[in-house]
Amino acid sequence: MNAKSSQPLTIQNMFSKIAPRYDLANSVLSLGIHHLWKEKLVKVSAAKAGESVLDCATGTGDLAIRFKRKVGRTGKVMGIDFCSEMVALAPAKATAENLDVQFQRADVLRLPFSDKSFDIVSISFGIRNVADPLKGLNEMARVLKPGGRLVILEFGQIQNPVLGKLYQFYAQKVLPVLGGILTGQKKAYEYLENSSAQFPCRENFLNLMNETKSFSKTSYRSLSGGVAYIYEAIKI
Ligand SMILES: C[S@@+](CC[C@H](N)C(=O)[O-])C[C@H]1O[C@@H](n2cnc3c(N)ncnc32)[C@H](O)[C@@H]1O
């Protein structure tokens, strides 16, 4: 609960509180591995010069910036997030690299773009946080051009029981304490572990993607033994 309003802490205000330390916490808690996962996602998307990309739930813009490096001056990248405090940090990061990336505040559940606008739509560590993931997937499908690619990076569950136990110890005992020290928001990192442990992964997430009836060639690959997953699909 939020002490001042006695309202439940929403996803939006949870991210507004951790925004200033989000990048630092990400790099420390993942030992920098999230950069490699994001680089892999861009590679899997096969993004090329001149393409248009929408990065949903862009946060502080890391993935959008990576896409811009790939699509170049002739390409267009838009990053959206519904948390002003997160997305407000993104433009300076792009400008520091002399990259022209557009950022705006918007909700994945009501994307302010016309149908069939983008070659690639991405979302990293966002779909788990979207209140209605199926509706979010439908919105992402709507703005993709036919033949366009959807690429998703998300936490999941490790299949190997020994590795799973080790990771569970880290995620349940170490991560909330460290996350709490780094951001002052221990609850946010307890939520991270709980939501990741429950969020559908592998075939279960593919089933959700297939429920939209908007995608072909849905597939997944696991990263770091199943700590995270990349999902891919082609818009029909
Ligand atoms: C864990 S962060 C991921 C940020 C970034 N994509 C990354 O990989 O570092 C999750 C983000 O999802 C955003 N988010 C959650 N639900 C959303 C929605 N319905 N519309 C837009 N953004 C949303 C949050 O504001 C937050 O910035």
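None of these values were measured; they are calculated from a predicted model. (Residues numbered from 1 in each chain as written. Predicted model: local features only at pLDDT ≥ 70, side-chain atom pairs only at ≥ 80, totals over all residues. Heavy atoms only, no water.)

Engineer: Just to check I follow, could you spell out the nonpolar core for this structure?
Structural biologist: One broad rule of soluble globular proteins: the nonpolar side chains tend to lie buried together. In this structure, W37, F67, F103, L153 and Y189 are the most contacted members of the largest nonpolar core, which totals 42 residues. In terms of residue count, helix α4 (residues 62-71) provides more of this core than any other element does, five residues in total. The residues touching L153, leaving out its near neighbours within four places in the chain, are W37, K38, L41, I123, S124, F125, L223, A228, Y229 and I230. Counting residues in hydrophobic clusters, the runner-up holds 31 residues, among them A106, V121, I152 and L206. (Core = buried A, V, L, I, M, F, W, Y, C linked by side-chain atoms within 4.5 Å. Buried < 20%, exposed > 50% of the residue type's maximum accessible area, 1.4 Å probe, protein only. Helix = DSSP H or I, 4+ residues; strand = E, 2+ residues; numbered from the N terminus. Contact = heavy atoms within 4.5 Å.)

Engineer: How should I be thinking about the state of the cysteines in this particular structure?
Structural biologist: Cysteine pairs can be covalently joined through their sulfur atoms, and such a bond is termed a disulfide. Scanning the entire structure with this criterion turns up zero disulfides. Cysteine C83 remains unbridged, with the sulfur of C56 as its closest cysteine sulfur at 15 Å. (Disulfide = S-S within 2.5 Å.)

Engineer: Whenever I open this one, the pattern of salt bridges confuses me. Can you help?
Structural biologist: Side chains that carry opposite charge are capable of pairing whenever their charged atoms lie near each other. Scanning all chains against the criterion turns up 15 salt bridges. Residue E39 pairs with R66 through a salt bridge whose shortest N-O separation is 2.4 Å. Placement of the pair is E39 in helix α3 (residues 33-45) and R66 in helix α4, with a sequence separation of 27 residues. Residue E39 is classed as partly exposed on the basis of its relative accessible area, which comes to 38%. A salt bridge links E97 to R69, with the nearest nitrogen and oxygen atoms 2.8 Å apart. Taken as a pair, E97 in the loop between α6 (90-96) and β3 (102-105) and R69 in helix α4 lie far apart in primary sequence, 28 residues in all. Each of the salt bridges in this network shares a partner with another, and the network as a whole consists of D23, K38, D62 and K93. (Salt bridge = Lys/Arg side-chain N within 4 Å of Asp/Glu carboxyl O.)

Engineer: When you look at the packing of α3 against α4 in this model, what are you seeing that I'm missing?
Structural biologist: Two measures define how a pair of helices packs: the angle their axes make with one another and the distance between the axes. Interaxial distance between α3 and α4 falls to 10 Å at its minimum, and their mutual angle equals 45°. With respect to α4, the axis of α3 lies oblique. In the crossing of α3 with α4, the sense of the turn from one axis to the other is right-handed. Residues H34, H35, K38, E39, L41, V42 and S45 of α3 touch α4, and the partners they reach there are D62, L63, R66, F67 and K70. Partitioning the contact of α3 with α4 into residue classes produces four nonpolar, three polar and five charged. (Axes fitted to C-alpha atoms, helices over the stretch in contact; angles between N-to-C directions. Parallel < 35°, antiparallel > 145°, perpendicular 65-115°, else oblique. Left-handed = near helix turned anticlockwise from the far one by under 90°. Nonpolar A, V, L, I, M, F, W, Y, C, P; charged D, E, K, R; others polar.)

Engineer: Explain the side chain of S122 to me, please; I cannot follow it from the model alone.
Structural biologist: Within the secondary structure, S122 is located in strand β4 (residues 118-124). Side chain to side chain, S122 and D55 meet in a polar contact 2.8 Å long. Other than its neighbours up to four places away in sequence, S122 contacts L41, V53, L54, D55, C56, L63, F67 and V151. (Polar contact = N/O pair within 3.5 Å; in protein donor to acceptor, adjacent residues only side chain to side chain.)

Engineer: What's the story with the packing of helix α1 (residues 11-18) against helix α9 (residues 186-198) in this structure? I'm lost.
Structural biologist: At a minimum axis separation of 10 Å, α1 and α9 run at an interaxial angle of 125°. Comparing their axes, α9 and α1 come out oblique. Note that α1 runs across α9; the crossing there is left-handed. Facing α1, whose interface residues are I11, M14 and I18, α9 presents A188, Y189 and Y191. Broken down by class, the residue content of the contact of α1 with α9 amounts to six nonpolar, no polar and no charged.

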